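What follows is each chain in one-letter form.
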Amino acid sequence: MEIFHIAAECYPVAKVGGLADVVGALPKYQNNANHQVRVVLPCYETPFIKENNWDCVYSDYVKLGNFNFPFNVLKESTDKLGFELYLIAIPELFDRKEIYGYEDDIERFVSFQMATLDWIISRTEVPDVINCHDHHTGLIPFMMLHAPKYLKLQHTPSVITIHNSIYQGQFSFDKLYYLPEFDLSKVTLLQWNNSINSLATAIKCASEVTTVSPNYLNEINYSAYGLESLFNLVRHKSKGILNGIDVEVWNPATDTMLESNFSSKNFKKGKQENKEKLCLEFNLDPTKPLFSFIGRLLEEKGADLLPHAAAFALSENYKEINILVLGSGNPEIENQLGHLLTGFKGNCNVYIGYNETLAHLIYAGSDFLLMPSRVEPCGLNQMYALRYGTIPIVRRTGGLKDTVIDLGDDGNGICHDQATVSDVCYSVQRAVNLYKDKKKLNDIRKSGMAIDHSWENVCQQYIELYNLILNKK
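Residues numbered from 1 in each chain as written. Predicted model: local features only at pLDDT ≥ 70, side-chain atom pairs only at ≥ 80, totals over all residues. Heavy atoms only, no water.

Visitor: How do you make sense of the overall build of the protein chain when you look at a structure like this?
Guide: When its secondary structure is counted, the protein chain shows 17 helices and 18 strands. A compact globule built from 473 residues would reach a C-alpha radius of gyration of about 23 Å, and the protein chain, at 23 Å, matches this within 12%. Viewed in the frame of its principal axes, the protein chain has a C-alpha envelope of about 70 × 45 × 40 Å. Counting the 473 residues in the protein chain, one finds 60% classified as buried. Accessible area of the protein chain: about 18,900 Å², with a carbon and sulfur share of 49%. Across the protein chain, 44 positive and 56 negative side-chain charges occur, with their mean positions spaced 4 Å apart. (Helix = DSSP H or I, 4+ residues; strand = E, 2+ residues; numbered from the N terminus. Rg over C-alpha atoms; globule rule 2.2 N^0.38 Å. Buried < 20%, exposed > 50% of the residue type's maximum accessible area, 1.4 Å probe, protein only. Areas by Shrake-Rupley, 256 points an atom, 1.4 Å probe, with all protein chains shown as cover. Lys, Arg positive; Asp, Glu negative; His and termini not counted. Charge placed at Lys NZ, Arg CZ, Asp CG, Glu CD.)

Here it is, written out as structure tokens:
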């Protein structure tokens, strides 16, 4: 089976969040299962792209309204990621360091989608399945079905995988002329709440809709930022498939980013050595329980709770705990976290930004990982934490509810129901009590490390879904 994955991110090429991790892993495992897998994303100015070799396999112009933009399709020459990787290079739109956040993002990603389809139809064969990821590729299923230019793909099944329904890619109808010619009687497929909505369009037009966890599929039927009724209408063609993690990249026994490697057999020594390295770097006490947060400092991640929860938890525990935060995002949250350093020096530290090596070390060296998310469609951090013997403290939402069971129910983590300071602090106190019971603590760590969150099973679920669509066709 020939499978195309089209996305805005792919680790390690370009990463902002969990989307990149999924697109960097799922195709590799599908390729390992003897399918022909190709990944397509824009050509940004990232270190990976600059440091590797690329072959130009196609050149053309993409027409965006009244403008023609030249583009090249570049293929990574060695398939070093475990699948064929292609970049759509549109220099005037994508030769920038950041992935998102520009005033012309609509123009950038609409042109990316059309250039991708232009290249695909230039090939002799058409793919068996095209799997689109999030709103940045949401217009592709519509264009495949209703733009005469792409008639060749009319019978090719498409899947839209929704990683987060908050971001929908809306833009006004005055930019409708950006799209290739299509039957105007189909314009309502583009519309949602009086604008063009890329994600809504994909949900309407794709052969199947997938979410990145079963529980998130249930949640978006009543909480989806205005798309609830649409999700209810397409429930018959929707499936929640829990993400996996790349157990080759995320393996404490072989991870080259760690101070000391370890497995479930020697994790006590290994985790302590990583903790000591981490605490030395951030002026923390390795004899105290270490609570960490890794992620974007946004309200959807519950990061706005961290400054107040950390201050309260440190005060209540007489500074007998350590808290470490790695992330960036809302400047106000960043500033509030910075103020913690003044009052709780030696018990709290913050790294503003993102550092992949540091993230691995934090997973390995921490005792507990905080995830008080308001929204978490799947969440990968809790799976990384479990694999590295770190106990997740999570709010029961989205994929967190699918993957973390409270220790009170013989589970592998600590769970709370509300995104509030009091719920976070109560969970921290439970964790402090657990930390004092070393036997129970280590039993939970060991059982968490044994959980299989690998992509093999997830990969098979996607293949079964593709086969189901192809059989229907």
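Visitor: Got a minute to help me understand the pairing of strand 2 (residues 36–42) in this structure?
Guide: Residues in a regular strand point their side chains to alternate faces of the sheet. Of all 7 residues making up strand 2, 6 are buried, and the element is well covered by its neighbours. Sheet topology note: the strand 1 (residues 2–6)/strand 2 ladder contains 5 bridges and is parallel. Across the sheet, the residue bridging to His5 is Val39, located in strand 2. Crossover strand 1 to strand 2 through helix 1 (residues 18–32) is right-handed. In this sheet, strand 5 (residues 84–89) lies alongside strand 2 in parallel orientation, the contact comprising 5 bridges. Counted as the bridge partner of Arg38 is Glu84 from strand 5. (Pairing = 2+ DSSP bridges. Right-handed = clockwise from strand over helix to strand, strands pointing away.)

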